[in-house]
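Read off the chains here:
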Amino acid sequence: MLVWRLFHNRGIPQYLSKHYWWAYLWQPGVWFFDHQPIINLILFGFYRRIVAAVLRQLPAHKPCRMLQIASAYGELLPALQRRLKHSELHLLDVAPVQLRLAQNKVYPGTADPSCHFTQMNSEEIAYRDGSFDIVLIFLLLHELPPEARRRTLEEAVRVLKPGGKLIVAEYGRNRGVHFLHRIAPLRRLLTLLEPFLATYWRDDLTKQVSRASERQHRNPIAFSEEEFFSGFYAVTWYKIV
Ligand SMILES: C[S@@+](CC[C@H](N)C(=O)[O-])C[C@H]1O[C@@H](n2cnc3c(N)ncnc32)[C@H](O)[C@@H]1O
């Protein structure tokens, strides 16, 4: 039996089991990739700057309810925990091994913010409409096939309160200018490792968020973006009313 089927048979979506089992589901892979230098290397040294840009979008003092859709390696979760005081932080992930890893990163003995971990598929989020002030999607969308990406964005918009903030850390637009976009063998290597990245690049994020909002009878009224590595990565936020 193919290894990925073992994970798929346990309820993990096929695209995740098939293409990313070695990175997110297989215990030795999980151990390896969760080292800060490794994840930083994968992001060409930009991990901390991307996390810092996400943190800048969070309220420093005002309590809030925040949802992070899918776990991420490295120090993102402890950094969120340090930033969000008197708040509620919810993290969902479809992979139990990732939730266990995340739970072990929360500072022991701290209840502020209160952290909640739930096994859930981002395509069908079991929270009520308008549950959160902030929803964060950190480098997940490019790893999803287009249908799963569409459903995840719709769910993200749905669970946001009116006037809530959607923060997306992702690959930036492919304008064909960056050397990693222009040099074909490098681009091919990237899309080999990230099989859904090419489809992500083809569709503008803001248009995707607009379409997801329309389907939820919502409206993105403001957006702002911070780019890194000459636009190769971007942190974008939307106010959804
Ligand atoms: C957020 S993404 C990529 C993170 C990024 N490479 C990093 O670690 O910095 C990886 C996570 O998404 C989760 N994931 C993938 N598809 C999902 C889905 N449909 N629902 C919930 N979690 C999902 C995986 O289990 C994994 O923990």
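In this report, the structure presented in the accompanying data block is examined. Fair warning: this is a prediction, and the values are worked out from it, not measured in the lab.

**Considerations on the overall build of the protein chain**
Helices and strands together make up the secondary structure of the protein chain, namely twelve helices and seven strands. Taken along its principal axes, the extent of the C-alpha atoms in the protein chain is 45 × 35 × 30 Å. Counting only residues that meet the buried cut, the protein chain has 52% of its 241 residues in that class. Intrachain contacts of the protein chain at a sequence separation of at least 6 include 70% that bridge at least 24 residues. Accessible surface computed for the protein chain: about 11600 Å², of which carbon and sulfur atoms make up 57%.

**Quick word on the packing of aromatic side chains**
Tallied over the full model, the rule gives 20 aromatic pairs. Geometrically, the ring pair formed by Phe-46 and Phe-229 is stacked, given 4.9 Å between the ring centres and 25° between the ring planes. Here Phe-46, found in the loop between α4 (36-42) and α5 (47-56), pairs with Phe-229, found in the loop between β6 (220-228) and β7 (233-240); they are 183 residues apart in sequence, far enough to count as distant. You can call Phe-229 buried: its relative accessible area is 19%. Summarising the aromatic geometry, the rings of Phe-232 and Tyr-233 are spaced 5.0 Å apart at their centres and angled 75° between planes, so their arrangement reads as edge-to-face.

**Digging into the pattern of salt bridges**
One pass over the full model with this rule turns up 16 salt bridges. Measuring nitrogen to oxygen at the nearest pair gives 2.8 Å for the salt bridge that ties Asp-129 to Arg-158. Of this pair, Asp-129 sits in the loop between β3 (114-119) and β4 (132-138) while Arg-158 sits in helix α8 (residues 146-158), placing them 29 residues apart in sequence. A salt bridge links Arg-173 to Asp-204, with the nearest nitrogen and oxygen atoms 3.5 Å apart.

**Description of α5**
Because each turn of an α-helix spans 3.6 residues, side chains separated by three or four positions in sequence point in the same direction. Restricting attention to buried positions, one finds in α5 the residues Tyr-47, Ile-50, Val-51, Ala-53, Val-54 and Leu-55. Buried residues in α5 make contact with α4, α6 (76-83), β4, β5 (160-171), β6 and β7.

**A few points about the state of the cysteines**
Under the criterion given, the structure shown has zero disulfides. Cys-64 forms no disulfide, and the closest cysteine sulfur to it belongs to Cys-115, at a distance of 12 Å.

**With respect to the site of the ligand**
Surrounding the ligand, one finds 20 residues, the nearest of these being Tyr-15, Tyr-73, Asp-93, Asn-121 and Ser-122. The contact in question runs from a nitrogen atom of the ligand to an N or O atom on the side chain of Tyr-15, over 2.9 Å. For the shell around the ligand, the element with the most residues is helix α2 (residues 14-25), which contributes three residues.

**A short note on the environment of Cys-64**
Inspection of the secondary structure puts Cys-64 in the loop between α5 and β1 (65-69). Sequence-wise, Cys-64 and Ser-87 are 23 residues apart; in three dimensions their C-alpha atoms are separated by 4.9 Å. Excluding residues that lie within four positions of it along the chain, Cys-64 makes contacts with Pro-59, Leu-84, His-86, Ser-87, Glu-88, Asp-133 and Ile-134.

**Some details on the nonpolar core**
Core analysis: the biggest nonpolar cluster contains 82 residues, and Val-135, Phe-138 and Leu-166 have the highest contact counts within it. Not counting the four nearest positions on each side in its chain, Val-135 is found in contact with Leu-67, Ile-69, Ala-156, Val-159, Leu-160, Lys-165, Leu-166 and Ile-167.

**Section: the side chain of Ser-17**
Residue position: Ser-17 is located in helix α2. Reaching out from Ser-17, the side chain makes a polar contact with the backbone oxygen of Pro-13 at a distance of 2.9 Å. The contacts of Ser-17, once residues within four sequence positions are left out, are Trp-4, Phe-7, His-8, Ile-12 and Leu-25.

**Structural notes on a nonpolar patch on the surface**
Nonpolar side chains collect at one region of the surface, where Trp-22, Trp-26, Leu-189, Leu-192 and Leu-193 lie side by side and expose about 530 Å² of accessible area between them. Top contributing element to the nonpolar patch by residue count: helix α10 (residues 184-193), with three residues. Positionally, Trp-22 belongs in helix α2. Residue Trp-22 is classed as partly exposed on the basis of its relative accessible area, which comes to 31%.

**Examining the pairing of strand β2 (residues 88-93)**
Consecutive side chains of a regular strand alternate in pointing toward one face of the sheet and then the other. Within β2, five of the six residues are buried, which leaves the element mostly enclosed by the surrounding structure. The sheet contact formed by β1 and β2 spans five bridges and is parallel. Opposite Ile-69, over in β2, you have Leu-92 as the bridge partner. For the handedness criterion, the β-α-β arrangement of β1, α6 and β2 is classed as right-handed. Both β2 and β3 contribute to a ladder of six bridges, which runs parallel. In the sheet register, Leu-92 faces β3, and the bridge partner there is Thr-118.

Reading the values: the criteria
Residues numbered from 1 in each chain as written. Predicted model: local features only at pLDDT ≥ 70, side-chain atom pairs only at ≥ 80, totals over all residues. Heavy atoms only, no water. Helix = DSSP H or I, 4+ residues; strand = E, 2+ residues; numbered from the N terminus. Buried < 20%, exposed > 50% of the residue type's maximum accessible area, 1.4 Å probe, protein only. Contact = heavy atoms within 4.5 Å. Areas by Shrake-Rupley, 256 points an atom, 1.4 Å probe, with all protein chains shown as cover. Phe/Tyr/Trp six-rings, centres within 6.5 Å; stacked < 30°, edge-to-face > 60°. Salt bridge = Lys/Arg side-chain N within 4 Å of Asp/Glu carboxyl O. Disulfide = S-S within 2.5 Å. Near = heavy atom within 4 Å. Polar contact = N/O pair within 3.5 Å; in protein donor to acceptor, adjacent residues only side chain to side chain. Core = buried A, V, L, I, M, F, W, Y, C linked by side-chain atoms within 4.5 Å. Patch = residues over 30% accessible without salt bridge, like charges linked within 9 Å, V, L, I, M, F, W, Y side chains within 5 Å. Pairing = 2+ DSSP bridges. Right-handed = clockwise from strand over helix to strand, strands pointing away.

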